[in-house]
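Summary of structural features
Chain by chain, the residues:
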Amino acid sequence: QVQLVESGGGLVHSGGSLRLSCAASGSIFSIGVMGWYRQTPGKESELVARITILSSNTEYIDSVKGRFTISRDDATNTVYLQMNSLKPEDTAVYYCSARTHTGYNYWGQGTQVTVSS
């Protein structure tokens, strides 16, 4: 079992920054990839960014490249999503995910990010 606790969402003006945190606990050794998804009402969730644990390779969707950075701190088992130059279209509920080596996905509770224009 893996537990994920997110923090860091909130309300920010367009052009502002936020940093999301996701603290993992439990069977940390089973995690292969961690990522951040986001969802808005009426839309499917989309993978925003992910990081591979062993190699630290990162991937981003095109709309956030150059603005968002995913990183991790192994000492605290925490993954971060630094979001800069935020736009109103970044408004969503952001979910942390952890995928195990066997392909099972764990999810955090979600944190609301609202960007006002």
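Bear in mind that the values here come from a model prediction, so they are computed numbers and not experimental data.

Digging into unusual backbone geometry
- If you check the backbone angles, N77 has positive phi at about 55° while not being a glycine.
- Structurally, the position occupied by N77 is in the loop between β7 (68–73) and β8 (78–83).
- Residue classification places N77 among the partly exposed positions, given a relative accessible area of 30%.

Points about the nonpolar core
- Among the nonpolar cores identified, the biggest contains 28 residues, and L4, M34, W36, F68, L81, M83 and Y94 are the most heavily contacted of them.
- Taken together, the elements giving at least two residues each to this core come down to β1 (2–7), β3 (18–26), β4 (31–39), β5 (46–52), β7, β8, β9 (92–100) and β11 (111–116).
- In this structure Y94 touches E6, L20, W36, Y37, R38, V48, F68, L81, M83, G110, T111 and V113, once residues within four positions along its chain are discounted.

Here's the deal with the state of the cysteines
- A complete count under the given rule lists one disulfide for this structure.
- Note that C22 is cross-linked by a disulfide to C96, the S-S spacing being 2.0 Å. Between C22 and C96 the sulfur-sulfur dihedral comes to about -80°; the bridge is accordingly left-handed. Placement of C22 in strand β3 and of C96 in strand β9 is noted, with a sequence separation of 74 residues between them. Like C96, C22 is buried.

About the cut-offs
- All residue numbers refer to position in the chain's written sequence, counted from 1.
- Local features in a predicted model are, by the rule used here, given only for residues with pLDDT of at least 70; side-chain atom pairs are given and counted only at 80 or more, and totals for whole chains, interfaces and linings are based on all residues.
- Side-chain descriptors were evaluated using all non-hydrogen atoms of the structure, hydrogens and water having been removed beforehand.
- The way it works is that DSSP assigns letters per residue, a run of H or I at least four long becomes a helix, a run of E at least two long becomes a strand, and they are numbered from the N terminus.
- Buried means the residue's accessible area, taken with a 1.4 Å probe over protein chains only, is under 20% of the maximum for its type, while exposed means over 50%, and partly exposed covers the values in between.
- Grouping buried Ala, Val, Leu, Ile, Met, Phe, Trp, Tyr and Cys residues that are joined through side-chain atoms within 4.5 Å yields what is termed a nonpolar core.
- Here, two residues are considered to be in contact whenever any of their heavy atoms come within 4.5 Å of each other.
- For the purposes of this analysis, a disulfide is any pair of cysteine sulfur atoms at a distance within 2.5 Å.

Read these as spatial facts, not as claims about activity.
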